Amino acid sequence: MGVYDYTSVEKKWQDKWVKENTFAAKQDFTLPKYYALVEFPYPSGDGLHVGHPRSYVALDAVARKKRLQGYNVLYPMGWDAFGLPTENFAMQHHIHPEIVTEKNVSRFKSQLQSIGLSFDWTREVNTTDPSYYKWTQWIFIQLFKHGLAYKKEMNVNYCTGCKVVLANEEVVNGFCERCGSPVVHKTKSQWMLKITEYANRLIDDLDDLDFIERVKTQQKNWIGRSYGAEVNFTSTEGDKITVFTTRCDTLFGATYMVLSPEHALVRAWLENGIIKNADEVKAYQEEAAKKSDFERTELAKDKTGVCLKGVAAVNPVTEQEIPIYISDYVLSTYGTGAIMAVPGHDTRDWEFAKKFDLPIIEVVAGGNVDEAAFTDCETGILVNSGFLNGLSVEEAKKAMFAWLEENGIGHRQVNFKLRDWVFSRQRYWGEPIPMTYCDKCGWQPISEDELPLLLPEIKDFEPGEGGESPLARHTEWVNTVCPCCGGPAKRETDTMPQWAGSSWYFLRYMDPHNDQALASPEALAYWGPVDWYNGGMEHTTLHLLYSRFWHKFLYDIGVVPYKEPYKKRTSHGMILGMNPRAFVNMSKKDQDALVAEYGSEEAAKKALVEKYGEMAEHPIVKMSKSLKNVVNPDDIIRDYGADTLRLYEMFIGDFEQAAPWSTSSIKGCKRFLDRIWQLQDILIDGDEYRPELEAAFHRAIKKVTSDIDSLKANTAIATLMALVNDIVKTGATNKKEYHTLLMLLNPFVPHITEELNQICGLSGELSQQAWPEYDEAKCIDSAVEMPVQINGKLRSRITVPTDSDNDTVLAAAHADEKVAAAIEGKTIVKEIVVKNKLVNLVVK
RNA sequence: GCGGGUGUGGUGGAAUUGGCAGACACGCUAGACUUAGGAUCUAGUGGGCAACCAUGCAGGUUCAAGUCCUGUCACCCGCACCA
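Residues numbered from 1 in each chain as written. Chains lettered and ligands numbered in written order. Predicted model: local features only at pLDDT ≥ 70, side-chain atom pairs only at ≥ 80, totals over all residues. Heavy atoms only, no water.

## Focus: helix α7 (residues 213-223)
This is how the line gets drawn: For each residue, the accessible area found with a 1.4 Å probe, counting protein chains only, is set against the maximum for its type, and the residue is called buried under 20%, exposed over 50%, and partly exposed in between. In this description a helix means any DSSP run of H or I spanning at least four residues, a strand means any run of E spanning at least two, and both kinds are numbered starting from the N terminus. As used here, the arc belongs to the directions running from the helix axis to the C-beta atoms.
Within α7, the full set of buried residues consists of Val215, Lys216, Gln219 and Ile223. Angular distribution of buried residues about the axis of α7 spans 100°; they occupy a single face of the element. Exposed residues pointing more than 90 degrees away from the buried face of α7 are listed as Glu213 and Asn221. Positive backbone phi, approximately 55°, marks Gly224, located one or two places after α7.

Laid out in structure tokens, this is it:
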């Protein structure tokens, strides 16, 4: 039948699918539904790289299989198109971001279509479309009306590169997650969202979800719930100093206190002249304020601080006076910004106490507090602790809670690491925040029937130097009337962060053209929640957490009928590339040249590390533009075809694991497809599996069916390769077999399978057929080959009828020549037969 | 430091409840067909001449361990002075 012309065949089917909307979800809400979702991309100017399709193809296979199994499948795609790179590109090239976005979207879309993904393109959404962001703004207004959006003057992370405020989640080691510029602190008035209000539910509700474990633990750690107590100390000046502690059992061992340098009491005491060493204290405060987050963590090992002279605290349980220090190891943003220090049983306090020569009292026996803090809560027994003596840590905590409450000194308290979400960005290319400020009425949302509040068309979207939004310069837009009193008011000029539009997009797919609501209640009830959501690990504490928060809020106000947006969450591993700077990846010629230059291979490698950093030691690294090791899917499709690309991405390895791209391995996938193509030459009639292949087919159906659902496409494909090998060995295949094979392959390689099915006239379009069924009873061959072990070592193999009883199997084993020779003259101690698996004879 | 994960041929990776380690593929070797081969096909391919030895390392349980238990090492990812 000649060579397979993948280019024209793939084009033919892709055009047909787009033209006929073959994969559009049906509006029939009585059918069983399945909602498969992949994270919609940010349409950057670079186009797709081979990492994108890994996620898309995996769920495409799931979606295609579910359709064949009779589900009404929603598998949508859209564009998360607001964001900085587009805006930066637009500024550099003096093109409006809207035009840049449009261009990028059309490139992405044609790339996705050239992969043959079965997206429902009738439901495409775009976060920058006013008919979409109308509802993003609407949700913000609801958040405001329910007290979950508030404006606050606060210390924020400010990226010196992007000139924009960042959320905590966007700061990595003190640097901007996106551009890598240092992040500094600034005080700015910001819109905040009270995600902390949902902290408990965001943790607790994880229990019922089918999320991969690392996503759950990462979210839990990020939210960082800890159970403890708030305890009130008093100062010698009569102030109440509240601390948070998880170890109230150690209160008798609190020998000093530490406040964060920013603590309000320190400011008050300085103002009142209570602190005698004010200069020293002020100097330390300034020093601490200057440090970036990065410096603060870098210097973490070495404790610094200043003792406040002229004021002390009283330990409420010992009634002893203890000194008060300020130190930047106490964070103003966690707990109460103040701690009771128990050097005997907290590592940080211990280090601090050693450095400042403070008393260390052992209150939990079991370690040696002179050498190190004893932090074991399991085995320790309370000592030197009055009424707690002799108790375990757990018991002592309970007793202390009771004592604190009885005496009005403290109470149980739960604290979180999670901070409220900084929601303002001083940028142009984002959703306008639909709020106005009036001197009389304060902040007011604009009337909901004025939504969407359109982003005004402006030309100068450079950010202001002082970190001011570009919109602020457009007074004709800024000046408006107060929706409350009708007086003069000003619009909010900050825009929403990139995460806004993606926090609810999966709901819009359910009913994307609705102009009365973000989606109809019927559509929301039918399609939700998302059955399977796949996306990157990097979004675990960003998009994934944010969207769970918004969803819970929408649930609370009755918009959505279920409290979690996603039933199941998985995460694909990255596709890695060759590191051209690693010695082992260089051509022989370049290696020789380097060896010649530096004298030896070792010296050459060392020189590379000096030149490029440690990275030069790793042969496999992330793909990046700077290394020029990015593989473009367009090239792969041109050289091998979309089906080969799809097959390879699924075959490359464990889906959850990172995998290096290999240009040679991909050939194996191409070869396999060519063999599938060639099978048509040996096609014979027949509408039943031939006996010699029947069991193999039933097993393959079973394996592929379950493997697609458990993200093991690699083994599903291996099974199909083995099946093809078996078929080829028989020298022929019949129509029934070929059709089943093409059906099983269809979710992975839809083009070639549809084409072969059509050429050979096997059935109507595969996309309209029913998924093959298997019969458990027929998965088993009539005879099995069983290994025979003597003392656990393989000695021979016997073939017996399947499900033979032990006596039959043993008789066959003993009849075997090699076995007989091996046990010659030995005593049989034990005979083990595992049905259909193996025989083991234990001899002496 | 805390949390999560991974260690299997030259490479990517397979191995239901413990039950033939290395499926499937890449690469490599030899051969065939070819003017040619970076195409295709056939055969071979963990190590060792063998007995045997092999799943990071050291023990243990078991008739039987990649899988279970104890200890240990290495690497990767996330968080990181969170009281």
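## As for helix α9 (residues 278-290)
Note the cut-off: One less than the residue count of a helix, multiplied by 1.5 Å, gives the span that helix is expected to have.
Compared with an ideal rise of 1.5 Å per residue, which puts 13 residues at 18 Å, α9 spans 18 Å between its outermost C-alpha atoms and is within 8% of the ideal. When α9 is considered as a whole, its buried residues turn out to be Ala278, Val281, Tyr284 and Ala288. The arc enclosing the buried residues of α9, seen along the axis, measures out at 130°, which places them on a common side. In α9, those exposed residues whose orientation departs by more than 90 degrees from the buried face are Asp279, Glu286 and Lys290.

## Focus: the pattern of salt bridges
Condition: The working definition used for a salt bridge is a side-chain nitrogen of Lys or Arg within 4 Å of a carboxyl oxygen of Asp or Glu.
The final tally for this structure, using the stated rule, is 37 salt bridges. Close ionic contact of Arg427 with Glu87 constitutes a salt bridge, the shortest N to O distance being 3.1 Å. Here Glu87 lies in helix α3 (residues 84-93) and Arg427 lies in the loop between β20 (421-422) and β21 (435-438), a separation of 340 residues in the sequence. The exposure class assigned to Arg427 is buried, which follows from its relative accessible area of 5%. With a closest N to O distance of 2.8 Å, Glu737 and Arg690 form a salt bridge. Of this pair, Glu737 sits in helix α25 (residues 735-745) while Arg690 sits in the loop between β30 (683-684) and α23 (691-709), placing them 47 residues apart in sequence. Look at Arg690 and you get buried, because its relative accessible area is 14%.

## Thoughts on the nonpolar core
Defined as follows: Only buried residues count toward a nonpolar core. Its members are Ala, Val, Leu, Ile, Met, Phe, Trp, Tyr and Cys residues joined through side-chain atoms within 4.5 Å. Contacts are residue-level and defined by heavy atoms, with any inter-residue pair within 4.5 Å sufficient.
One finds Trp421, Leu507, Trp550, Trp661, Leu741 and Phe748 to be the most contacted residues of the largest nonpolar core, which totals 166 residues. Not counting residues within four places of it along the chain, the set of residues in contact with Trp550 comprises Thr136, Ile139, Leu143, Leu193, Trp421, Phe423, Ala500, Ser503 and Trp504. Among the nonpolar cores identified, the runner-up in size contains 43 residues, and Val243, Trp269, Ile326 and Trp403 belong to it.

## Digging into a nonpolar patch on the surface
For clarity, the cut-off: Surface patches are drawn from residues lacking salt bridges whose relative accessible area is over 30%; two like charges belong together within 9 Å, two nonpolar side chains (Val, Leu, Ile, Met, Phe, Trp, Tyr) within 5 Å. Per-residue accessibility takes into account occlusion by the displayed protein chains alone, with areas from the Shrake-Rupley method and a 1.4 Å probe.
Residues Phe89, Ile95 and Ile99 make up a contiguous nonpolar surface patch of about 240 Å² in total accessible area. As for its placement among the helices and strands, Phe89 is situated in helix α3.

## Topic: the pairing of strand β32 (residues 783-790)
For the record, the criterion: Only strands joined by at least two bridges in the DSSP assignment are considered to pair.
Most of β32 is tucked away, with six of its eight residues classed as buried. The pairing of β32 with strand β33 (residues 793-801) spans eight bridges and is antiparallel. Pairing of Met786 across the sheet is with Ile798, part of β33. Linking β32 to β33, which pair antiparallel, is a turn of two residues; within it Asn791 sits at a positive phi near 50°. As judged from the three bridges shared by β32 and strand β35 (residues 838-843), these two strands associate in the parallel manner. Within the sheet, the bridge partner assigned to Val788 lies in β35 and is Val839.

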